Amino acid sequence: MAKGESPLKQFEIQPIVDINFLGFDISFTNSALWMTITTAFILIFFTVPFLKAKKTNSVSDLYPTRMQVAAELGFNFINSLLADTVGKEGKKYFPLVFTLFMFILFGNLFGMIPYSFTFTSHIIVTLALAMGVFIFVTVLGFVKHGLKFFSFFVIPGLPVYMLPLLIPIEIISYLSRPISLSVRLFANMLAGHTLLKVFAGFVSALGFFGILPLVFIIALTGLEILIAFLQAYVFAILTCLYINDALHLH
Amino acid sequence: MPQLEQVEFFVSQLFWLGVFFVILFTVLTYTTLPKIRAFLNQRDDFVKSHISKQDELIKKAESIIENYEVKLNDAKSQASQIINDAKDKAMQESESLIKSTEEKIQNEIKMTEERVAKEKDQAISDLNIQLKDSATSFISKVSKIEKENINL
């Protein structure tokens with residue numbers, strides 16, 4: 001590793017602008033910078049292609065621009081994901097799932113740019129997102145079903161003597177949802193980026209034979225891009241499934 | 001691990017995450033996504049209406065083809081009828097013509113035969129009369145000669 005630099009150094013947060021608000025340190029950091037870039041990019045990506053898009057009044061209006069095709073692809077992807085997991089009632093929650101998916105996806109993807117910062121590799125960020133989903137889904141369950149929501153922990157068709165054992169297990173599994181959701185994303189990002197950095201250290205250490213880890217890094221970068229997409233997808237589809245659970249219980 | 005060591009930046013990270021997530025969520029929910037959905041729905045409607053229009057046109061075309069085929073079949077059967085009629089007529093006409101011609105020929109043959117028979121009879125009777133005349137004149141001549149001989 002060059003200059004004895006830790007492969008974990010890339011995850012360090014560096015404040016860019018120190019801000020102190022009511023005694024809280026809310027400095028604008030490199031993490032916040034990449035959140036800004038991600039947010040701006042998503043808004044531009046999904047707004048600009050439709051600014052010039054005319055209403056379809058004739059067949060010649062049917063040809064979308066390339067940017068529009070890309071935006072429609074993202075839109076339809078989440079749309080069908082919700083329709084497949086939740087059904088027609090899922091349309092209401094489309095903006096939430098869409099925002100979550102795009103925010104995580106582009107956060108992950110921008111993290112693949114060298115010298116950038118991956119804010120999804122921080123457990124506090126992923127935990128906040130997962131807790132947000134968890135609280136939203138739980139509140140949704142109570143709003144839809146009231147106290148009947150607790151019947152979610154009782155698996156139907158089970159012998160009564162099994163319930164004392166299984167209800168606590170169900171409750172624990174329910175409560176561990178935000179943890180598994182956040183740790184999955186965080187650990188994937190952490191592991192991938194650390195691995196890339198470790199092998200990048202080998203490249204300079206091995207001299208001529210450094211070409212071997214270099215080839216490996218190139219392949220691994222491809223894999224990491226796949227994982228960046230996959231983890232955003234997993235987060236989104238699990239959110240959909242949790243919403244479905246809250247709406248339909250079993 | 002900086003993720004767990006830099007606790008002093010937790011509030012900052014949560015704050016900015018909240019800010020940007022809320023901004024993104026709000027803008028997407030209230031402007032971007034409804035716009036995209038409206039656009040896509042309008043396009044889907046356009047495509048669907050075009051498809052239904054096309055279906056109507058196809059049905060129309062099919063009915064026109066059916067109509068045409070019915071008319072074509074009618075015309076064909078009419079044509080064959082006319083041809084058959086014409087054939088029958090022609091056959092009848094030619095047959096009657098042949099018949100009348102044969103009758104005429106037969107008549108002529110008969111008339112000719114009758115004429116020949118008449119002329120034959122005439123000739124025979126004429127010959128008889130001539131024979132008779134010559135016979136009487138011969139007899140009278142002979143008897144005259146005998147008288148003369150007797151008188152001698």
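All of these numbers come straight from a predicted model, not from anything done at the bench.

Please clarify how the overall build of chain A should be interpreted in this entry.
A count of helical and extended segments in chain A gives seven helices and four strands. Scanning chain A from its N terminus toward the C terminus, one meets helices and strands in the order β-β-β-β-α-α-α-α-α-α-α. For the C-alpha atoms alone, the extent of chain A along its principal axes is close to 65 × 60 × 45 Å. Within chain A, the fraction of its 250 residues that count as buried is 44%. For chain A, restricting intrachain contacts to residue pairs at least 6 apart in sequence, the fraction spanning at least 24 positions comes to 70%. For chain A, the accessible surface area stands at approximately 13,000 Å², while carbon and sulfur atoms represent 74% of it. Here chain A carries 14 positive and 11 negative side-chain charges, and the mean point of each set is 9 Å from the other.

Sorry, what's going on with the interface of chain A and chain B here?
How big an interface is tends to be expressed through the accessible area that disappears when the partners come together. At the junction of the two partners, chain A supplies 54 residues and chain B supplies 35 residues. When chain A packs against chain B, close to 4,100 Å² is buried across both sides, 76% of that on carbon and sulfur atoms. In this structure, R43(B) engages E72(A) in a salt bridge whose closest nitrogen and oxygen atoms are separated by 2.8 Å. At the junction of chain A and chain B, the tally comes to nine residue pairs in polar contact (both at pLDDT 80 or more). Of all elements in the fold, only β3 (24-25), β4 (28-29), α1 (30-51), α2 (66-85), α3 (94-111), α4 (123-145) and α6 (177-205) of chain A reach the threshold of two or more residues within the side of chain A that touches chain B. No other element matches α1(A), which puts 11 residues into the side of chain A that touches chain B. Of the residues that constitute the side of chain A that touches chain B, the class distribution is 33 nonpolar, 15 polar and six charged.

Where do I start with a nonpolar patch on the surface in this structure?
Together, F202(A), L206(A), F208(A), F209(A), I211(A), L212(A), L214(A), V215(A) and I218(A) give the surface a local cluster of nonpolar side chains, amounting to about 960 Å² of exposed area. Along the chain, V215(A) turns up in helix α7 (residues 211-248).

What am I meant to see in the nonpolar core here?
A general tendency of soluble globular proteins is for nonpolar side chains to be buried together. Ranked by size, the top nonpolar core spans 68 residues in total, and within it M35(A), F46(A), F98(A), M102(A), L129(A), F235(A) and I243(A) carry the most contacts. Put simply, the parts of the chain that give this core at least two residues each are α1, α2, α3, α4, α6 and α7 of chain A together with α2 (10-151) of chain B. Tallying contributions element by element places α3(A) first for this core, with 12 residues. Beyond its immediate stretch of four places on either side in the chain, F235(A) contacts L100(A), I104(A), L129(A), A130(A), V133(A), L181(A) and L185(A).

What is the right way to look at the pattern of salt bridges in this model?
Side-chain pairs of opposite charge can arise where the charged atoms are in close proximity. All names here are of chain A. Applying the stated criterion across every chain, the model contains two salt bridges over all chains. Among the ionic pairs, D245 bridges to R177, the shortest N-O distance being 2.7 Å. Of the two residues, D245 is situated in helix α7 and R177 in helix α6; the sequence distance between them amounts to 68 residues. Residue classification places D245 among the partly exposed residues on the basis of a relative accessible area of 22%.

Any chance you could explain the side chain of S27(A) here in plain terms?
Among the secondary structure elements, S27(A) is positioned in the loop between β3 and β4. Beyond its immediate chain neighbours, meaning those up to four positions away, S27(A) contacts P15(A), V17(A), D18(A), I19(A), S12(B) and W16(B).

Explanation requested: the packing of aromatic side chains in the structure shown.
To describe a pair of aromatic rings, you give the distance between the ring centres and the angle between the ring planes. In total, this model carries 35 aromatic pairs over all chains according to the counting rule given. With centroids separated by 4.9 Å and ring planes inclined at 65°, the aromatic side chains of F75(A) and F94(A) adopt a geometry described as edge-to-face. Residue F75(A) is located in helix α2, and its partner F94(A) is located in helix α3; the two are separated by 19 residues in the primary sequence. Judged by its relative accessible area of 2%, F94(A) is buried. One aromatic cluster in this structure is built from W34(A), F41(A), F45(A), F46(A), F75(A), F94(A), F98(A), F106(A) and F110(A). In this structure, R37(B) packs its charged tip against the face of F94(A), placed 4.9 Å from the ring centre.

Hey, could you run me through the packing of α2(A) against α3(A) in this one?
Relative placement of two packed helices is described by the angle separating their axes and the distance separating the axes. Residues and elements named next belong to chain A. Packing of α2 against α3 brings their axes to within 10 Å, and their N-to-C directions diverge by 125°. Relative to α3, the element α2 lies oblique. Read as a crossing pair, α2 and α3 show a hand that is right-handed. Packed against α2, whose contacting residues are G74, F75, F77, I78, N79 and L82, the element α3 presents F94, V97, F98, F101 and M102 at the interface. Of the residues in the contact of α2 with α3, the class split is nine nonpolar, two polar and no charged.

Please clarify how the confidence of the model for chain A should be interpreted in this entry.
Low pLDDT marks stretches whose predicted atomic positions should not be read closely. On average, residues of chain A carry a pLDDT of 89, and 98% of them reach 70 or more. No element of chain A has a lower mean pLDDT than strand β2 (residues 20-21) of chain A, at 82, and none a higher one than α3(A), at 94.

It is not clear to me how the environment of L96(A) should be interpreted in this structure. Could you clarify?
Mapped onto the elements, L96(A) comes out in helix α3. When near neighbours in sequence (up to four residues on either side) are disregarded, L96(A) contacts F136(A) and F25(B).

Which parts of the structure should I look at to understand α2(A)?
Here α2(A) contains 20 residues, and its C-alpha end-to-end distance of 29 Å stays within 8% of the 28 Å for a straight helix at 1.5 Å per residue. By the burial criterion, the buried members of α2(A) are Q68(A), A71(A), E72(A), G74(A), F75(A), I78(A), L81(A), L82(A) and T85(A). The secondary structure elements touched by the buried residues of α2(A) are α1, α3 and α7 of chain A together with α2 of chain B. G87(A) sits one or two residues past α2(A) and shows a positive phi near 100°.

Calculation criteria
- Residues numbered from 1 in each chain as written.
- Chains lettered and ligands numbered in written order.
- Predicted model: local features only at pLDDT ≥ 70, side-chain atom pairs only at ≥ 80, totals over all residues.
- Heavy atoms only, no water.
- Helix = DSSP H or I, 4+ residues; strand = E, 2+ residues; numbered from the N terminus.
- Buried < 20%, exposed > 50% of the residue type's maximum accessible area, 1.4 Å probe, protein only.
- Contact = heavy atoms within 4.5 Å.
- Areas by Shrake-Rupley, 256 points an atom, 1.4 Å probe, with all protein chains shown as cover.
- Lys, Arg positive; Asp, Glu negative; His and termini not counted.
- Charge placed at Lys NZ, Arg CZ, Asp CG, Glu CD.
- Buried area = accessible area lost by both parts, 1.4 Å probe.
- Salt bridge = Lys/Arg side-chain N within 4 Å of Asp/Glu carboxyl O.
- Polar contact = N/O pair within 3.5 Å; in protein donor to acceptor, adjacent residues only side chain to side chain.
- Nonpolar A, V, L, I, M, F, W, Y, C, P; charged D, E, K, R; others polar.
- Patch = residues over 30% accessible without salt bridge, like charges linked within 9 Å, V, L, I, M, F, W, Y side chains within 5 Å.
- Core = buried A, V, L, I, M, F, W, Y, C linked by side-chain atoms within 4.5 Å.
- Phe/Tyr/Trp six-rings, centres within 6.5 Å; stacked < 30°, edge-to-face > 60°.
- Lys NZ or Arg CZ within 6 Å of the ring centre and 35° of its normal.
- Axes fitted to C-alpha atoms, helices over the stretch in contact; angles between N-to-C directions.
- Parallel < 35°, antiparallel > 145°, perpendicular 65-115°, else oblique.
- Left-handed = near helix turned anticlockwise from the far one by under 90°.
- pLDDT = per-residue confidence, 0-100.
- Expected span 1.5 Å × (residues − 1).

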